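Residue-level listing of the chains:
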Amino acid sequence: MGFISLLATVVLATAASAQLTGSVGPTTPLSQKGTICNVLDYGGSVGSSDIGPAITSAFNNCVLKNSGSTLYVPAGNYQMKTWVDLKEGKKWAFRLDGLITRAATTGGNMIAIENADDFEFYSANSAGGIQGLGYQCRNAGPRLIRIVNSQNWSLHDLIMVDSPEFHLVIQSGQNGEVYNLAIRGGNLGGSDGVDVWGNNHWIHDVEVTNRDECVTVKSPATNILVERIWCNQSGGSAIGSLSDGTAIENVLYRDVYTNGGNQALMIKSNLGSGYVRNVQFQNFISRGTAYGLNIDQYWSSQSPGSGAGVQLQNITFSNWNGNVVDGVQRPPVQLVCADGAPCFDINLSNVNMWSQTDKAVLKCESAYGSGLSCIKSGSSHTAYAKVTQSATRPPGYSTPTTMSGDLASGFATNAAIPTPTIPTAFFPGLPQISPLAKNK
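Residues numbered from 1 in each chain as written. Predicted model: local features only at pLDDT ≥ 70, side-chain atom pairs only at ≥ 80, totals over all residues. Heavy atoms only, no water.

Engineer: Would you explain the state of the cysteines in this entry?
Structural biologist: Should the sulfur atoms of two cysteines be covalently bonded, the bond is a disulfide. Under the definition given, this model contains four disulfides. Taken in sequence order, the bonded cysteines of the protein link in the pattern 1-2, 3-4, 5-6, 7-8. (Disulfide = S-S within 2.5 Å.)

Written out as structure tokens, the structure is:
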């Protein structure tokens, strides 16, 4: 998508403006980034055992010296032992058409982009990316890509496979757009797909396989739009983990499809302080997850914060259809809020979540709002003990649809994960918002 032309601005305003406060992505098109900084001219070669120094050299000696330039890694296979930290670039692009394979176990980030402005990171053939071979150094190596405190940027048409740690981290910054990604991680925790915080970011048309975060909003974050997401045997999407000083507001998730994994959506914390407010979760389809719609403010996998609880308020769930594996063991809907900070204005509308066993319970604690039998109403929000109720099949529930390409299980943690292709649809019945770069 890149440059926001007049037509694209109209599309953005009509299709994506719900939680965004302005335009996202680069402010100039690729046609104005015509100086090519080819890594093969800066010490690199196809088949290189370490393409890192050539990337750094092309950036320092070409990109930073030529406004309107493109750092180019041609198609082919490369190894990488030296991580790169590309700072302060303005009006530039990084075209990664080749596949880079991790060849060292140093921590940090294989590719970090810091303080960029008017920047585009993409693959023109929709086949470039990074193979992390995380099974060789699980939770003891680098993250793949980190975008730090950058503005007016996009990242798209890339493939990220088996990171030893997280795959893509968007740290702070503003006006970013992420789309047309395929992420494949191992079937275990610590393999986050996309973690995002900052202001005015748009994440769409992303497929994630792992057993941790699919696309997750972290704190602090404002004006985040996440849509057309395919969590394909993934941990599922979330907000959190949240602790002391949380500040998240004006977030919209919509058109999220989850096949298998941990949950359809989770808001997770363990005590702490701060707030999550003005959040909408629209049009969710899920099948065969462990949990469904899950608020857990006593999440046992997280150390407790020092506050009485993160305040959740004005959170809406609408148009959900899905099932969990065992609705008695793990409820299809659970709203467990902090007793020290009861959540309120938690409203469910047309939420039809059920169990593959045809038996289920619902759980609520210190939760106020509407649309669920165990939630309490009223303007006085005092703590109350956990309520567990037997549930009946919602009248609006139907067997969730499937997508071609649904995986039956996750990937092994002790063997290489194959490199996928980027799909052309990410939610049942909806096209991708922007076509793959190779199809333009």
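Now that the structure is up, let's keep going.
Engineer: Hey, could you run me through the confidence of the model for the protein in this one?
Structural biologist: A low pLDDT means the predicted coordinates there should not be read in detail. Confidence in the prediction of the protein, expressed as mean pLDDT, is 95, and 96% of residues score 70 or more. Contacts from residues 1–15, a stretch scored under 50 in pLDDT, to residues over four places away or in other chains number 28 contacts. (pLDDT = per-residue confidence, 0-100. Contact = heavy atoms within 4.5 Å.)

Engineer: What's the story with the nonpolar core in this structure? I'm lost.
Structural biologist: Side chains that are nonpolar tend, in soluble globular proteins, to be buried together. Formed by 97 residues in total, the largest nonpolar core has its most connected members in Leu 71, Phe 94, Leu 155, Phe 281, Phe 317 and Leu 335. Excluding residues within four positions of it along the chain, Leu 335 makes contact with Leu 293, Ile 295, Ile 346, Leu 348, Lys 363, Cys 364, Glu 365, Ala 367, Leu 372 and Ile 375. Membership of the second largest hydrophobic core comes to 13 residues, among which are Trp 230, Met 403, Phe 411 and Leu 436. (Core = buried A, V, L, I, M, F, W, Y, C linked by side-chain atoms within 4.5 Å. Buried < 20%, exposed > 50% of the residue type's maximum accessible area, 1.4 Å probe, protein only.)

Engineer: Please clarify how the pattern of salt bridges should be interpreted in this entry.
Structural biologist: Where charged atoms of side chains with opposite charge meet at close range, the side chains can pair. According to the stated counting rule, one finds 10 salt bridges in the structure shown. A salt bridge links Asp 85 to Lys 87; the nearest nitrogen and oxygen atoms lie 3.9 Å apart. Classification of Asp 85 as partly exposed rests on a relative accessible area of 38%. Residue classification places Lys 87 among the partly exposed residues on the basis of a relative accessible area of 40%. In the salt-bridge network here, residues are joined through shared partners; they are Glu 213, Lys 218 and Lys 268. (Salt bridge = Lys/Arg side-chain N within 4 Å of Asp/Glu carboxyl O.)

Engineer: Whenever I open this one, the pairing of strand S16 (residues 237–242) confuses me. Can you help?
Structural biologist: Look at any regular strand and the pattern is simple: side chains alternate between the two faces of the sheet. Along S16, five of the six residues are buried, which leaves the element largely enclosed by surrounding structure. Relative to S16, strand S15 (residues 215–234) is paired through two bridges, and the arrangement is parallel. The residue of S16 that forms the bridge with Thr 216 is Ala 238. Direction of pairing for S16 relative to strand S18 (residues 263–269): parallel, over a ladder of four bridges. The residue bridging Leu 242 from the neighbouring strand is Ser 269, located in S18. (Helix = DSSP H or I, 4+ residues; strand = E, 2+ residues; numbered from the N terminus. Pairing = 2+ DSSP bridges.)

Engineer: Explain the environment of Thr 222 to me, please; I cannot follow it from the model alone.
Structural biologist: Considering the arrangement of structural elements, one finds Thr 222 in strand S15. Exposure remark for Thr 222: the relative accessible area of 24% places this residue in the partly exposed category. Each C-alpha atom of the pair Thr 222 and Ile 248 lies 5.8 Å from the other, and the pair is 26 residues apart in sequence. In contact with Thr 222, other than residues within four places in its own chain, are Gly 198, Asn 199, Asn 200, Glu 249 and Asn 250. A polar side-chain atom of Thr 222 sits 2.7 Å from a polar atom in the side chain of Asn 199. (Polar contact = N/O pair within 3.5 Å; in protein donor to acceptor, adjacent residues only side chain to side chain.)

Engineer: Would you take a moment to explain the packing of aromatic side chains for this structure?
Structural biologist: The description of an aromatic ring pair rests on the distance of the ring centres and on the angle between the ring planes. Inspection of every chain in the model, using the stated rule, returns 10 aromatic pairs. Centroid distance Phe 281 to Phe 317: 5.0 Å. Interplanar angle 10 degrees. Geometry classified as stacked. Residue Phe 281 is found in strand S19 (residues 274–289), and its partner Phe 317 is found in strand S21 (residues 311–324); the two are separated by 36 residues along the sequence. Phe 281 sits in the buried class, given a relative accessible area of 0%. Aromatic pair Tyr 368 and Tyr 384: ring centres 5.7 Å apart, planes at 80 degrees, arrangement edge-to-face. Linking Tyr 368 in strand S25 (residues 367–370) with Tyr 384 in the loop between S25 and strand S26 (387–391), this pair joins segments that are 16 residues apart in sequence. The residues Tyr 368 and Tyr 384 share a single accessibility class, namely buried. (Phe/Tyr/Trp six-rings, centres within 6.5 Å; stacked < 30°, edge-to-face > 60°.)

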